[in-house]
Amino acid sequence: MSLLEVDDVVVQFGGVTAVDHASFVAEAGRITGLIGPNGAGKTTCFNVISGLQKPNQGKVRFEGRAITRLPVHRRSRRGIARTFQRLEAFGSLSVRDNVRVARDIHRGMVGLVRPASADVDGLLERVGIAAYAAERADSIPTGVARLLELARCLAGDPRLLLLDEPSSGLDESETDEFGELLARLAAEGRAILMVEHDMDLVMSVCDDIHVLDFGAVIASGPPAEIRSNPQVQQAYLGYSDEPDDQTRLDIPAVELTQEIRLEGAWTS
Amino acid sequence: MSSILSFTILGLFTGAAYAIAASGLVLTYTTTRVFNIAHGAFGMVMAFTFWDFSQRQGMPTWLALFLVLGVVAPGTGYLVQRFVTRGLGEGPVSVSLVVTVGLFVGLIGVAQYIWPPAPRTVPPFLPESGLEIGNTYVTAHQIITIALSMVVAGLLYLLLNRTRIGTAMRASVDNPVLLRLFGGNPDRVASLSWAIGISLAALAGILLTPVIGLSYYDLTLLVINAYAAAMLGRLKSLPLTFVGAMGLGILQSFAVAYLPTEGALSGLRAVVPALFLFVVIIAMPQAQLRIGQVKGIVSAPLPSFTKSLSWGAVLLVAVALIAGVMSDANLLLVGTAATYAMVMLSLVLLTGYGGHVSLAQFTFAGVGALAYAKLDEPNLYGLFLSAVIAAAVGALVALPVLRLTGLYLALSTLAFGVLMDKMVFQADFAFGFNGTLQAERLSILGHSITSTSGYVVVMAVFFVLMALALLLLRRGVLGRLLIAMRDSPAACGTLGLDMRWFRVGLFGLSAGMAGLAGGLFAGLRGTIGAADFQLFNSLPLLLLAVVCGVTSVSGAALGGIGLMLLPVLQSSRPELAGLVFAVLGFGAVALGRDPNGLANLAFGIGRRLDKRFGDRVRRAVPVLPLPRPRAEDDVVLDPEVPLLTDPQPREEAAHVAS
């Protein structure tokens, strides 16, 4: 039994199918990559798993139990944490207070009287942004804010981490360090599901990869297999090795409606 | 049978007018994401303009109608979109609400200023004509209205489905950024929909005037009926909006016909739209969290606790000093200001920290005052209980909108305010129609505070305590959570926070603070009535709170004094009464984008002065440190600073000054 099972999920916006009978899994202790062109439905899948989007059809199971009907916060309490492609840091709070809020939420209202469970500064240290602790979260660089979102997730000690393009905004050496951090987090027994455009990172750190195209899973397997899969090359890697290439409209597909429109634009 | 038919036709007539107004509201909201609370107010001003053209200036009806609907209203809509509401849709809901409430109050002020209260009548269209259907006489005006609503529906359908700009309008509902990418112009779409929207508000206002009269408030409150109807279509679907409007019209007409005019249910007839709205809201599905919104608001700096304490002490000493010398009449004003300031503190919690808007905060103060008077326990226990009752009522208002987002919470407070105004406060078990209740002065630990000066000092103490408690809360865990929820509800949700109950608690706490203020106010005045807590007082309260700074305690103090001065100003220069509202309303429109308001500006003056003139002052005053050391010869040549020839004392002086 896998920790996370996405089973035959369909999401439709009006007449457009954003996720088309997608099924994939993420295993505990492993890093799973979710890749695909812009508008393939990756973020929508994340929204379905974390509860921000109700699927039209299909199930999401976590630790063997269906969570499709659970509200967002209950899923989080079961051990699912996520970061956002377009940042959702608490801009008016300092970096340290961002993580404090996450810790306080995790402790719960009743737990507020108990001593702190997670060491906030230790978490900042762990993801490597301790130097920014006192700065307002809306004034830090994008890469740092992504790591902040990760630190915030870790405050709740999640079993499953959903990371939406975590490395964008990091330079090469920072990306390498980030890859090592991911490996350590997975080694603690967490499942990591990651949407990522940096193919070098994906190919080097992921244990398994699922490829989405037009909302459907067109291939699943270890990196070497994915790299040599002709269908994947045709649909995704074949276009260009750099997904931020000008051949595509690279707009963050945040609002779900945006994603649909992009698909239309992209095929024409 | 014929009475059912005639009431149905009457219902269809009002429903048709609601449908016209509501479709304008939906159009502007869906295309620009700005909910126009002032929609009814625009209809009101346009109806007055129509009266001015057709009755005062004697233009033919068709010309007046053409000028209002074809020129003035769309022109106003265009200008408002261009200069006031543009870009608000992408920001926090609280800002767009405050700005349109500013328009609401400002327009009422303008109308009162241009057209001072006087009896005015607008005759219906074709007053002599009508049709006999069975035993029922249907006026031509009613037929015209129903027909016009169908014409509006048809034209909107054609516009949205058959024209290029209509397609662009529908696209901009989904995403204006992408519309721009594909060659559309969201600004043109927005201007057009506001032009049409205000025209529709005008048409509805003009059609309803012969029936409900030319009144500042009744036409303005039309917005509640319109959005009650629009809510059935979830502020999106025009066909459902029409269904909602017709249903509401008929329901209202039947309520007038068949509900008793005496007894407890008599107030029910006036609140049918508000009740309709609550029912629709409760039936609405769970809202999904939106991601990718703007966040991170520059808040007023939070003072240290010792600093707050000393400022609190300063305020208390000041109040104690003036309490000793002032006349009782003026002391009552000071006490009123303290009440308003406390109600504004409740808004600092709700709006400033929490990012939610309440349009009926005075109503909660009224609940507290009513409870205080009715409990007849003029001591701390009674006061506390009054606050708890107000808090419970506040939580009750937030409950139905538990699953929904900020806009609906704000709208349901407006409906709640109407409900309380018309059904509860005026009922016999409360203040009674035009009636008053007696309340005794508070006694603390068996010691009754009978003198007004003493009571005012006690109120100031309550204000300071409340402010300190609020600042403590803001510094602690709950304060951080509040800010986090305001900045990103989606992140809070995915981190495991159940925001629904948190929001209810926040709303309840804020209502409780207002209720406490209301209880103290009742004790101060001794005699209170429904008029003291009218819904319409809540709107200037919100505006002044935002203008003065809804993110800080000092803003609340400043706003309380300001709100107390408003009626004083109005009674000293009655001819300017409307203008005061207009200035306040449009001031809020101008300042509403910065919730830190004047209070923060005042504190910022020191910093800004230093930035601008600091260097010059330091250069002119030798003991102040210079920004950078000058070369020796340079200094000798400087005639303004003759004492600086010896570098040694200068450094010392600089050291001392820093």
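As the structure is a computational prediction, the values presented were derived from the model and not from experiment.

## Quick notes on the overall build of chain A
Scanning chain A from N- to C-terminus turns up ten helices and ten strands. In chain A, buried positions account for 49% of the 268 residues. Nonlocal contacts in chain A, meaning residues at least 24 apart in sequence, comprise 67% of its contacts between residues at least 6 apart.

## Regarding the overall build of chain B
Looking only at helices and strands, chain B has 27 helices and six strands in total. When each of the 658 residues of chain B is scored for burial, the buried share is 51%. For chain B, contacts bridging at least 24 residues in sequence account for 79% of all contacts bridging at least 6.

## Focus: the nonpolar core
Core analysis: the largest hydrophobic core is formed by 288 residues, its most contacted members being Ala-151 of chain A together with Ala-21, Leu-107, Met-342 and Leu-345 of chain B. Discounting chain neighbours no more than four positions away, the residues touching Leu-345 of chain B are Met-466, Ala-467, Leu-470, Met-513, Val-553 and Ala-556 of chain B.

## With respect to the domain arrangement of chain A
Accessible area lost upon the coming together of the parts is a frequently used measure of interface size. Residues and elements named next belong to chain A. The domain architecture assigned to chain A consists of domain 1 (1-79 + 160-171 + 190-268) and domain 2 (89-157). Taken together, the contact between domain 1 and domain 2 spans six residues of the former and seven residues of the latter. For the side of domain 1 that touches domain 2, the residue count by class is four nonpolar, two polar and no charged.

## As for the sheet that holds strand E9 (residues 208-213) of chain A
All names here are of chain A. Taken in spatial order, the six strands make up an open sheet running E6-E7-E8-E3-E9-E10, and their pairing is mixed. Because the sheet does not close on itself, it has two edges, and the strands there are strand E6 (80-82) and strand E10 (216-221). The average undirected angle you get between the axes of adjacent strands in this sheet is 15°. Sheet topology note: the strand E3 (residues 31-35)/E9 ladder contains four bridges and is parallel. Bridge pairing in E9 places Gly-33 opposite Ile-209. Where helix H1 (residues 42-50) meets the sheet, it contacts E3, E6, strand E7 (160-164), strand E8 (191-195) and E9, and its direction lies at approximately 150° from that of E7.

## Focus on helix H15 (residues 361-375) of chain B
Between the first and last C-alpha of H15 of chain B there are 21 Å, a value that for 15 residues agrees with the 21 Å anticipated at 1.5 Å per step. Counting buried positions over the 15 residues of H15 of chain B gives 13, a clear majority of the element.

## Here's the deal with the confidence of the model for chain A
Averaged over chain A, the pLDDT score is 83; the fraction of residues at 70 or greater is 84%. Here residues 239-268 of chain A is a poorly scored stretch, pLDDT under 50, and it has 55 contacts once near neighbours within four places are set aside; other chains count.

## So, the domain arrangement of chain B
Residues and elements named next belong to chain B. For chain B, the assigned domains read domain 1 (2-283), domain 2 (306-534) and domain 3 (621-657). In this structure, domain 1 and domain 2 have C-alpha centres spaced 34 Å apart. Counting from both sides, the interface comprises 20 residues of domain 1 and, opposite them, 22 residues of domain 2. Listing elements by their share of the side of domain 1 that touches domain 2, those giving two or more residues are helix H4 (93-114), helix H10 (222-232) and helix H12 (272-283). Residue composition of the side of domain 1 that touches domain 2, by class: 18 nonpolar, two polar and no charged.

## So, helix H24 (residues 577-591) of chain B
With 15 residues, H24 of chain B extends 21 Å between its outermost C-alpha atoms, agreeing within 8% with the 21 Å of an ideal straight helix rising 1.5 Å per residue. Of all the positions in H24 of chain B, only Gly-578, Phe-581, Ala-582, Leu-584, Gly-585, Ala-588, Val-589 and Leu-591 of chain B are classed as buried.

## Notes on the packing of helix H14 (residues 328-353) of chain B against helix H18 (residues 452-475) of chain B
Residue and element names in this part refer to chain B. Running from N to C, H14 and H18 cross one another at 15°; their axes reach a closest spacing of 9 Å. Regarding the angle of H14 to H18, the classification is roughly parallel. Helix-helix and strand crossings are classified by hand; for H14 and H18 the assignment is left-handed. Contacts between H14 and H18 involve Asp-328, Leu-331, Leu-332, Val-334, Gly-335, Ala-338, Ala-341, Met-342, Leu-345, Val-348, Leu-349 and Tyr-353 from the first element and Thr-452, Ser-453, Tyr-455, Val-456, Met-459, Ala-460, Phe-462, Phe-463, Met-466, Ala-467, Leu-470 and Arg-474 from the second. Residue classes in the contact of H14 with H18 are distributed as 19 nonpolar, three polar and two charged.

## Topic: the sheet that holds strand E2 (residues 16-26) of chain A
Residue and element names in this part refer to chain A. A sheet is described by the order of its strands in space; here four strands give the open sequence E2-E1-E4-E5, paired in antiparallel fashion. Unpaired on one side and paired on the other, E2 and strand E5 (65-66) mark the two borders of the sheet. Sheet topology note: the strand E1 (residues 4-13)/E2 ladder contains seven bridges and is antiparallel. Residue Val-11 lies in a different strand from E2, and its bridge partner there is Val-19.

## Regarding the environment of Ala-427 of chain B
All names here are of chain B. By secondary structure assignment, the location of Ala-427 is in the loop between helix H17 (406-424) and strand E3 (436-438). For Ala-427, a count of 18 C-beta atoms within 10 Å gives the class partly exposed. Considered as a pair, Ala-427 and Gly-267 are 160 residues apart in the sequence and their alpha carbons are 7.8 Å apart.

## Focus: the packing of H12 of chain B against H17 of chain B
All names here are of chain B. Viewed as axis vectors pointing N to C, H12 and H17 meet at an angle of 145°, and their least axial separation amounts to 9 Å. The crossing of H12 and H17 is left-handed. Contact residues: Ala-274, Leu-277, Phe-278 and Ile-281 in H12; Tyr-408, Ser-412, Ala-415, Val-418 and Leu-419 in H17.

## Looking at the pairing of strand E4 (residues 57-62) of chain A
Residues and elements named next belong to chain A. When E1 meets E4, the two strands line up antiparallel, connected through five bridges. Each residue of the ladder has a partner; that of Asp-7, found in E4, is Lys-59. Sheet topology note: the E4/E5 ladder contains two bridges and is antiparallel. The residue of E5 that forms the bridge with Phe-62 is Arg-65. Remark: two residues form the turn of the hairpin made by E4 and E5, two consecutive strands paired antiparallel; Glu-63 in that turn has positive phi of roughly 50°.

## A closer look at unusual backbone geometry
All names here are of chain A. Of note, the phi angle at Glu-63 is positive, near 50°, even though the residue is not glycine. Along the chain, Glu-63 turns up in the loop between E4 and E5. Given 15 C-beta atoms within a 10 Å radius, Glu-63 is considered partly exposed.

## Some words on the environment of Gly-205 of chain B
All names here are of chain B. Take Gly-205: it is sitting in helix H8 (residues 186-212). As for Gly-205 and Ala-21, which are separated by 184 residues in sequence, their C-alpha atoms are 8.0 Å apart. When residues no more than four places from it in sequence are discounted, the contact partners of Gly-205 are Gly-43, Met-44, Met-46, Ala-47 and Leu-219.

How each quantity is defined
- Residues numbered from 1 in each chain as written.
- Chains lettered and ligands numbered in written order.
- Predicted model: local features only at pLDDT ≥ 70, side-chain atom pairs only at ≥ 80, totals over all residues.
- Helix = DSSP H or I, 4+ residues; strand = E, 2+ residues; numbered from the N terminus.
- Buried ≥ 20, exposed ≤ 12 C-beta atoms within 10 Å, placed from the backbone.
- Contact = placed C-beta atoms within 7 Å.
- Core = buried A, V, L, I, M, F, W, Y, C linked by C-beta atoms within 7 Å.
- Domains from an automatic or database assignment.
- Nonpolar A, V, L, I, M, F, W, Y, C, P; charged D, E, K, R; others polar.
- Pairing = 2+ DSSP bridges.
- Axes fitted to C-alpha atoms, helices over the stretch in contact; angles between N-to-C directions.
- Expected span 1.5 Å × (residues − 1).
- pLDDT = per-residue confidence, 0-100.
- Parallel < 35°, antiparallel > 145°, perpendicular 65-115°, else oblique.
- Left-handed = near helix turned anticlockwise from the far one by under 90°.

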